[in-house]
Structure formats: C-alpha cells, structure tokens
Amino acid sequence: MKLLSYKAVSIWLVVLATLVLSLMAMLVTKVHIVQQYQYAYTELSHRVLAVRDDVFKIEISNGQDYDIISDALVSVERQVQSLQASLQRNNLSAIVAILLSDPQMEQHARQLSSSVSLLVVDLETILRLKISQEYSKDTVKLLQHDLWRKIPDSSSRMYMVAEAVDLPVEGAVPAALLASTSYQSLRIHQQLLLQLEQQIATKNQLILNAELRTSISEQGFFWLSVTENTKLKLLFTSMLLVIILSLYYRLQLKEQHRKDRVMLQTLTDSEQEKNLLSLVAEHAQDGFIITDHQGYVTWVNKGFTTISGYEQQDILGKKPAEVLQGKQTDKEQIDKISQAIKRSESIEAEIINYHKDGSEYWVDMTINPVKDSSGKVSNFIAVERDTSARKQMQDDLAQAVIKADVSNRAKSTFLATMSHELRTPLNGILGMAQIIEPNLENPEHRKQIQILLESGNHLTSLLNDILDFSKVEQGKLELEIEVFNFISVLEPITNTYTPICNEKDIEFIVENDIEAEQSFKGDKARIRQVIYNLLSNAVKFTQSGSVSLRLKQANNTAGNQGVEITIQDTGIGIRDERLESIFDPFTQAESSTTRQYGGTGLGLSIVKQLVELMSGNITISSKVGSGTTFVLFIDVDRAASVQPSNEVTEVAVSNLPDSINILIAEDNKINALVAKTFCQRLGHSVDVAKNGLEAIQMVQENHYDLVVMDNHMPEMDGIEATEIIRHKLKLDIPIFACTADVFQQAHDNMINAGANHVLTKPLQEQSFRDALNQHSQIICKIYLSHQLSKLNNDDNKIVALARHREEELNITEADIDFKQLLTACDNDNAKVENLLSSFKAFSENSITQLIQAFDSDDVKEIHILAHAIQDMASNFYAVRLNNLAKEIEVVTGKGIIPQLESLQQLINLLEVNMHQNQRFMSKAGRITNADKLA
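Owing to the predicted nature of the structure, the values given are computational and were not obtained by experimental measurement.

*Asks:* Which residues make up helix α22 (residues 718-728), and what values do they have?
*Replies:* Since there are 3.6 residues in each turn of an α-helix, residues three or four apart along the chain are aligned in direction. Of the positions making up α22, those classed as buried are G718, I719, A721, T722, I724, I725 and R726. Between the side-chain oxygen at the start of α22 and the backbone nitrogen of I719 there is a gap of 3.3 Å, and the oxygen is on D717. Two residues or fewer past α22, K730 is found with a positive phi of approximately 60°.

This is the structure in structure tokens:
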C-alpha cells in the first residue's frame, strides 16, 4: 500500500483540525443556547409555582392582589407559549435549527406548555370561585343584617344566630322568619356559599394533586441533561483536537528532522561536489579564469596554463585582455566582450589569443558573472577552449566545399557542353536519316535507315536520362503546372506500347478508374515520362505474360488526395537483396542485366526523384520469376473540369500558307541542310544565315515569315540576335529557337530574349511540323500583313473593289482545310459538298454586299459582313480569311472605313476559296465515280 506523502498527511490533518474546530464552535454555541433555554424554563417553573401559591393565599377583599395575580397568570401563559414557539423549526435560524435538531426539545416544550395552560385555566377558575364566594359572603351578611333589623322576635333572631354560627337548631323555622323573602334569599346564598367552598376545595385538591411540579422538574432535568451531553461532546471534541494537533506537531517535527538530514546531506554532497569541481577545474583541458568584479585575475587552472603558456603568477592581478590579446584579435569582438562585462551580462565569443611564445591560437570563450546575495557582481568566470584545430578543419572544409562546388559546376558545364557537342552531330545523323527514308524504295535500305533512326533515338534517350539526372541532382529540374486529364496522358502511352507488346506477343492491359471528366493540375509531361520509364522496364524484362497499367484516385497516408499508379509485369523479377538499391543511380538489378538488356541504370533513379519532386512516393515488390510491381502515388490537385466546346470556331487551326519565307540561322552546314530540307519538303522557301549577325542583316533586307535561330553561333549567338530583332529592330517575326542545350535555363534564356518556341536538337521533322502548326496563326498574320503591304505599295492597281477571273487569282492563297472539314463531317463527301455549296452562296452574296457597302460608305454594314465572314471562315478552318475578316471587324468597330486594299484582299480570299472548293468537289466526284465503277 502506498504511503501518503508528508504534504498529503499535513493537508488531511489541517482539514481534520478545521472540521473539529468547527464542530467545537457549534457545540459551544449549542451549550450557550441550551443553557439559555434551561434558565428560561427554570425561571418559568419558579413563576408558575409562585403564582399558584399566590392564588391559594389571595384575599379577594384586596382588589389589587387580584389584578396582580391575573397579570401574572397572563404573563406566565405568554412566556410558556413564547418558549414553545421559539423551539419550532420554522422560527429557528438555519444554524440554530441544526444545533437544536433534537425532536424531544419541542415535545417537552409542548407538554410543559400544555400543563401550564391547564394550570392557568384552573387558577383562573379558583379566582372566579373565590370572587363568587366573597360575593356570596357579603350577600349573606347583608341579608342577615336586614333580617335582624326587620324581625325583632327573639326566637327568630336566635334561630338566625344559630344558623350563622352553624349550631344545631331544634324545632321548625319560625313562621315569621320563614315567611320573609329575605330569609329565603339568605338560605339560597348560604347554600351557594357552601357549594363554592366545596368547589374551591375540590379545585385546590386537583391543583395540588396535579403532576405540574413533576413536569416542571422533568423539563428542567431534560434541559440540564442536554447541556451536560453537549458539554461531554465538547470535551470529547477538544480531546480529539488535541490529538490532531499533537499528530500535526509530531509530523512537522518529523519533517523538520528529515529536512535537516537532507540539508546536511546536501551540504555534504555540495562539499564533495565542490571538491570534485575543484578537481575538474584544476585538471580540465579547458582554461578557467576567475576575476574579481573589476576584471582582475584571481585564479586560473592548469588547463589555462597549458593553452596559453602563462603560469598563475604571470597573470594574477592583471586583466586577461592585457596579456592574451594582440593585433590579430577582432576589435569588434573585444568591444562586444567589454560592453557585456560592463553590463554584467553573459557573453560568448570566438577570438584569437596569443600564446606566451607569441603564436596565435583560436579560443571559444564563455564569460559569466557571479552575483552575491545582494545581487551585486562579485566575480567573473571565463571558460576558454582551444578551437584552433576545429577552425583549421572548418577552413579545410570550406575549401573542400568550394572545390566541390567548382567541380560540380565543371561537371554541369561539361554535361551541357557534351550535350551540345553530341547533339550537334546527332542532329545531322538523324536529320539526314529522316530526309533519306521517304526517298528509299528498297525495303532493305529502308529497314537499315529505320535501324539507324532507332539507334539514334536510343542514344538521344540515354542523353536525356543523363541530363535529367544531372538536373535533378542540381535541383534545377522545375515542374510545369498545367490543367490536364489522364486520358491525354494515357493515349500516347497506349499508342506507343500496344504495338510493341503485340510484337513481343505479350498482353498490354490498361485500366483507368479515373473519371474522364476529372481534371488535375500538375506536370503532365513528367507524369507521362515516369510512366514511360516504368513501362519501358516492364516491357523490356517481360518475355511472356502481360504488362498492366492501372490508375485510380486515392489518398496517401497523410490524407492528401492524388492519383495511385500501379505498373505490374510477369517478367524476370528482382531478388530481395537488390530491391533496397534498385532506385540508386547507375544501378541495375543484376550485373548481367546491362549485358543482356542494356541501359544506364538511371531510369528508376530519375523516376524516384521525379515522383518525390511531385510530393509523391514509390514502392516496389518483386519475386524472381514471377514479375515486379511498382506502386506510386502522385500528389496532384484536382482542377475544375474543362468542358469541351462544341463550337467549330474554337478548333485549333493548323493550316499554313502553301509557301512561306523562312530564314534559318545555323553555323553547322549539316544541321542547316537538315533544317532547310525539312522546310523545303513542306513547300516553303528557305534562306540560310551562318551566324546571328548575318541573320540580323538578312531580316532587315528581306521579308521572312519565320526565323529558325540556332543558339551557339560564331560572331553573334542566337540569344543576342533574337534580342536585337525584338527590341532594337522591333520586328514581330515568329522565331523558333533551335538548341542542343536541354537545360531549362538555356530554354528560358531564348524565350526571355523573345523566341516564340524552342526546338531541341536532334531536330525531328514531326516536332518541327508540330511547332509550325502550333504557331500557324502568328505565321499567317505575318504572311498576310506582308501580302497586304505589297498591295498597299501598288498605288495604280486598285482604285475600286472588283471581282476577278479565276486565272487572275493566286490559288495558293486558298486556306480551307479540307482534311479537318472531312473529319468534322465523318468523311461524308455529300455533307462536305453541301457545306461547300453553302460557302459559295454565302461568299457570292457577301462580295456583292461588301462592294455596295463600300460604295455607300456604310461602315456598320461592312462591320456586320466582316463578322459574318469571320464566323464562316472559322467553321471552314480558313485561317487567313478568318484573321483578315477579324482585322476589318476591329477597324470598323471603331467607326473607320477600312483601306480599299484590305477589302479587296478579303474579296480575293473569298473568290480563291470558292474556286478551290470547286476543284475539291470535282476531285471528290471523280473519286466517288471511280469507287462506283470499281
């Protein structure tokens, strides 16, 4: 059983003592109250008996006595009733009611009150009887006196005398006396007097025989017993209080003895500790210095002598700074220490001190003030530690960090340089292979070129892996945030790996449990790269069975919402001991893997770092011979779903003019040839500049619809040339930067200089096509502005709006995209013909109304027609027509008549597209007829 602590026992004893004192106070109060009632009832008993005796002895002849006794009776009755009422609970205060809670008190008071009330009634009755008796005596005396006077005969008088003295009378009542009415009255009063005497005697006997004295005695005894019992309880309570106080005193005495023992032990331990501390301070390697309040040394230990070379007698009575500090000691630190000592504050500092032999050494110093009982500083204690070795280590480490940083920058520079140097010839190899491939008819030659392209693409992939790893390692890899859905992520993956798996005769399973309408915000390209890398490994190491890709929305352990991606295969698997290091760079599951399957071992490392960069995690489980499963969670935020628009006008237009002027700035002849060939195969005119300076001269002398600008060139690089074109020449020509640098900084520099797009070497023909389509609107705008400027410069050719014959029109300006139109009509030629017929009717009517509106200077009508033409052009994917109509709509919206040349160009484009529609319809009709004949 757990013993109570000193504090708990003390509290309990204090509580008990308080309770006992409270009880004693209540008992003392009760004794006082009970004694008051005892005294009151004793006095009441005496008064009752005295009143009773007065009633017995009263002489009615004295009327004053009667009044006194009557008042005494009333007073006694009131007193007894008052005492009884005072003992009723509803007339008592709360505390008195608790103290007088004995029901016998009220019962005794009620009994005594009842007895006294009965006694008072009897005494009052006796008083009345005595009054009647006295009245009857007076009446008898009066009647006797009257008869004595009225009846003179002696016999009658003798008879009256005998009756009066109560003597026996012989013979009958005299007739004269008997005949007197007074005598009859006398006889009646005498009889009444006799009855009254008997009643008074009876009442006296009843009162004397009543147990009133007993009741009064019992009442007095009862209150006396209550008083004595209460006093006994008070005595017992006092003894209990004495016991509690004795225990409390004993406890305090015991605790004081314990404290004395503890204090004695503390003093002993403190003395031992002081001896130990003195021993430690004396033999510690750190230097200890004790000074007085003015800073003069009073004691140093051996550690100080070892560090500084100064003996105790060398420094006693001196200030440490005068002996230890020198010219290399930091003045700011010295001032800082001085100010702290003046303010009596603790201070830490690291400064240079000087050894007795003059050599420098670093010390880490702590100075603390020691205050006496009054709060004044009595001493200062300084602890010094020699940190020369640590400072030297820090200096060495700082130099090592600088060297490592220089080495890391050199590595990054090397990677960037090697990337550029490798990609430049690789661009030529892959570019020429792409150029040669379509022209080869020999299947064997085509197969060889495809192998060349595959090898080149694999080399490019290896370069990308190395550079991605380098960017992640340097923390330079940044995520692009865009709104996307996972269908757009999965489509290219499915299109890529479905034929690959079919070729290897393995099943490719894709399960997407994410709602098609749900959009997310994140780096779609990096997510796709992660899935590509994992699927690439899965397909590579799976010879039979299946490879599955599953996506679903999930929450991670922290409760964040995201996407869980599971990639599972039935491949060769990985041994357990290799799983821990599988994500390390340049590591593969087996040493034979590289020989059999190839690879750098960077793919999984890049995947892990990309996933962690996207606030996700990746886990792996595998069994040799059964396959491997990767489960990764990517923390991507949900975004508001982007509803696809049904309006044809919002479809991305990618049609370009048949022939635009392109300037290629490239110092490498092979790369220039590749880019030029790509452009020429698309039907565009191309000029080549050997460096940025030459490119600037050419854009000033000639009109170009697009500039393809290399980054690294002699005399002037691409960034500087782009900045001059944008900021100095103020030209808005679309510029495609082309660079072998894949670091984001290089791309950002080109974009910040003013480039519209960045192409990465080795240049892919499809990437170039995609870039042209992406920026076709800008290119078309530049192209149209040039065409309009040519018209504006020909002052004599256009004087009024007019129609043209087909042979007068430039058919190459037609820009309806029949391919997209067919796709929108589900390749239904009949629907296309109906649309083209409506376009012709609309165009004919619009041309007529434009000519009329221009002739009548109707700006509002031209504005309405331009808006209608713009809508129609959007529906037919006619970019030039749409842009020109939009420009005219903007001008007319301001209430300005557009230039004649602009309206004529709009009419020309309508006519050109109408004639081109006729050619398409004729060609489609021939194909349909041929199909029918076949």
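Further notes follow.
*Asks:* Which residues make up the environment of K137, and what values go with them?
*Replies:* Here K137 shows up in helix α4 (residues 103-150). Discounting chain neighbours no more than four positions away, the residues touching K137 are L193 and E197.

*Asks:* Pulling in residues and values, what's your account of the pairing of strand β1 (residues 287-292)?
*Replies:* Of the two faces of β1, only the one carrying G287, I289 and T291 is buried; F288, I290 and D292 on the other face are not. In this structure, β1 lies alongside strand β5 (residues 377-386), joined through 6 bridges in antiparallel fashion. Looking across to β5, one finds that I290 is bridged to I381. Hairpin connection from β1 to strand β2 (residues 297-300): 4 residues lie between these consecutive antiparallel strands, with G295 at a positive phi of about 95°.

*Asks:* How would you sum up the pattern of salt bridges? Please name residues and give values.
*Replies:* In total, this model carries 9 salt bridges according to the counting rule given. Among the ionic pairs, R343 bridges to E345, the shortest N-O distance being 3.1 Å. Relative accessible area serves as the criterion here: at 48%, R343 is assigned to the partly exposed category. On the basis of relative accessibility, which here comes to 36%, the residue E345 falls in the partly exposed class.

*Asks:* An account of the sheet that holds strand β13 (residues 637-639) is requested, with residue identities and associated values reported.
*Replies:* One open sheet accounts for 3 strands, arranged β6-β8-β13; its pairing is antiparallel. Edge strands, defined here as strands with exactly one partner in the open sheet, are β6 (482-484) and β13. On average, adjacent strands in this sheet sit at an angle of 40° to one another, irrespective of strand direction.

*Asks:* Give a detailed account of the pairing of strand β3 (residues 347-354), specifying residues and quantitative values.
*Replies:* Buried residues dominate β3, accounting for 6 of its 8 residues. Alignment of β3 against strand β4 (residues 360-371), held across 8 bridges, turns out to be antiparallel. Paired with I347 across the two strands is I367, which belongs to β4. Connecting the antiparallel pair β3 and β4 is a turn made up of 5 residues, with G358 showing a positive phi of about 95°.

*Asks:* Describe in detail the nonpolar core, supporting the description with residues and values.
*Replies:* One finds F486, I527, I531, L534, L535, L549 and I565 to be the most contacted residues of the largest nonpolar core, which totals 40 residues. It is helix α16 (residues 524-540) that provides the largest number of residues to this core, a total of 7 residues. With near-sequence residues (within four places) excluded, L535 lies in contact with I493, Y497, F508, V547, L549 and I567. Within the second largest apolar cluster, 35 residues are counted, among which are V832, A853, I888 and L910.

*Asks:* Tell me what's going on with unusual backbone geometry, and back it up with residues and numbers.
*Replies:* One non-glycine residue, E715, lies in positive phi territory at about 70°. The residue E715 is located in the loop between β16 (706-710) and α22 in this model. A relative accessible area of 68% means that E715 is categorised as exposed. Positive phi outside glycine occurs at K730, with the angle close to 60°. With respect to the secondary-structure elements, K730 resides in the loop between α22 and β17 (735-739). Judged by its relative accessible area of 63%, K730 is exposed.

*Asks:* Got a sec to walk through empty space enclosed by the protein? Specific residues and values, please.
*Replies:* Summed over all chains, the structure comprises 1 cavity of 30 Å³ or more. Quantified by volume, the largest cavity comes out at close to 50 Å³. For the largest cavity, the lining is made up of 11 residues, of which E666, N671, A675, V708 and C738 are closest to its centre. Breaking the lining of the largest cavity down by element, the ones donating at least two residues are β14 (661-665), α20 (669-681) and β16.

*Asks:* With reference to specific residues and values, describe the sheet that holds strand β12 (residues 627-634).
*Replies:* Spatial ordering of the open sheet is given by β7-β9-β10-β12-β11, a layout of 5 strands whose pairing is mixed. A single partner strand is all that each edge strand has here, and the edge strands are β7 (507-512) and β11 (617-623). With direction set aside, neighbouring strand axes in the sheet form an average angle of 15°. The pairing of β7 with strand β9 (residues 546-555) spans 6 bridges and is parallel. Considered in β9, the bridge of N512 is made with L551. Against the sheet, α16 makes contact with β7, β9, β10 (561-569), β11 and β12, and its axis sits at roughly 20° relative to β10, the strand it touches most.

*Asks:* I'd like a description of the packing of helix α28 (residues 859-875) against helix α29 (residues 879-893), backed by residues and values.
*Replies:* Where α28 contacts α29, the two axes come as close as 8 Å, and the packing angle between them is 155°. It follows from the interaxial angle that α28 and α29 lie roughly antiparallel. Relative to α29, the crossing made by α28 is left-handed. Contact residues: α28 offers V859, I862, H863, A866, H867, I869, Q870, A873 and S874, while α29 offers L881, N882, A885, K886, I888, E889, T892 and G893.

*Asks:* Could you give an account of the packing of aromatic side chains, naming the residues involved and the relevant values?
*Replies:* Within the structure shown, the criterion is met by 6 aromatic pairs. Their ring planes at 50° and their centres at 6.4 Å tell us that Y497 and F508 sit as a pair that is tilted. With Y497 in helix α15 (residues 486-504) and F508 in strand β7, the pair connects residues that are 11 residues apart, well separated along the chain. F508 carries the same exposure label as Y497, and that label is buried. In textbook terms, an aromatic cluster arises when at least three aromatic residues are bridged by ring pairs, as seen for F484, F486 and F520. For K319, the ring lying beneath its charged end belongs to Y296, and the centroid distance is 5.3 Å. Here K391 stacks its cationic end above the ring of W362, 4.5 Å away from the centre of that ring.

Quick notes on the rules
Residues numbered from 1 in each chain as written. Predicted model: local features only at pLDDT ≥ 70, side-chain atom pairs only at ≥ 80, totals over all residues. Heavy atoms only, no water. Buried < 20%, exposed > 50% of the residue type's maximum accessible area, 1.4 Å probe, protein only. Helix = DSSP H or I, 4+ residues; strand = E, 2+ residues; numbered from the N terminus. Polar contact = N/O pair within 3.5 Å; in protein donor to acceptor, adjacent residues only side chain to side chain. Contact = heavy atoms within 4.5 Å. Pairing = 2+ DSSP bridges. Salt bridge = Lys/Arg side-chain N within 4 Å of Asp/Glu carboxyl O. Axes fitted to C-alpha atoms, helices over the stretch in contact; angles between N-to-C directions. Core = buried A, V, L, I, M, F, W, Y, C linked by side-chain atoms within 4.5 Å. 1 Å grid on protein atoms, 1.4 Å probe; cavity = no way out; pocket = protein on both sides within 12 Å on 5 of 7 lines; lining within 4 Å. Points joined across faces, edges and corners; volume = space filled by probe spheres on them. Parallel < 35°, antiparallel > 145°, perpendicular 65-115°, else oblique. Left-handed = near helix turned anticlockwise from the far one by under 90°. Phe/Tyr/Trp six-rings, centres within 6.5 Å; stacked < 30°, edge-to-face > 60°. Lys NZ or Arg CZ within 6 Å of the ring centre and 35° of its normal.

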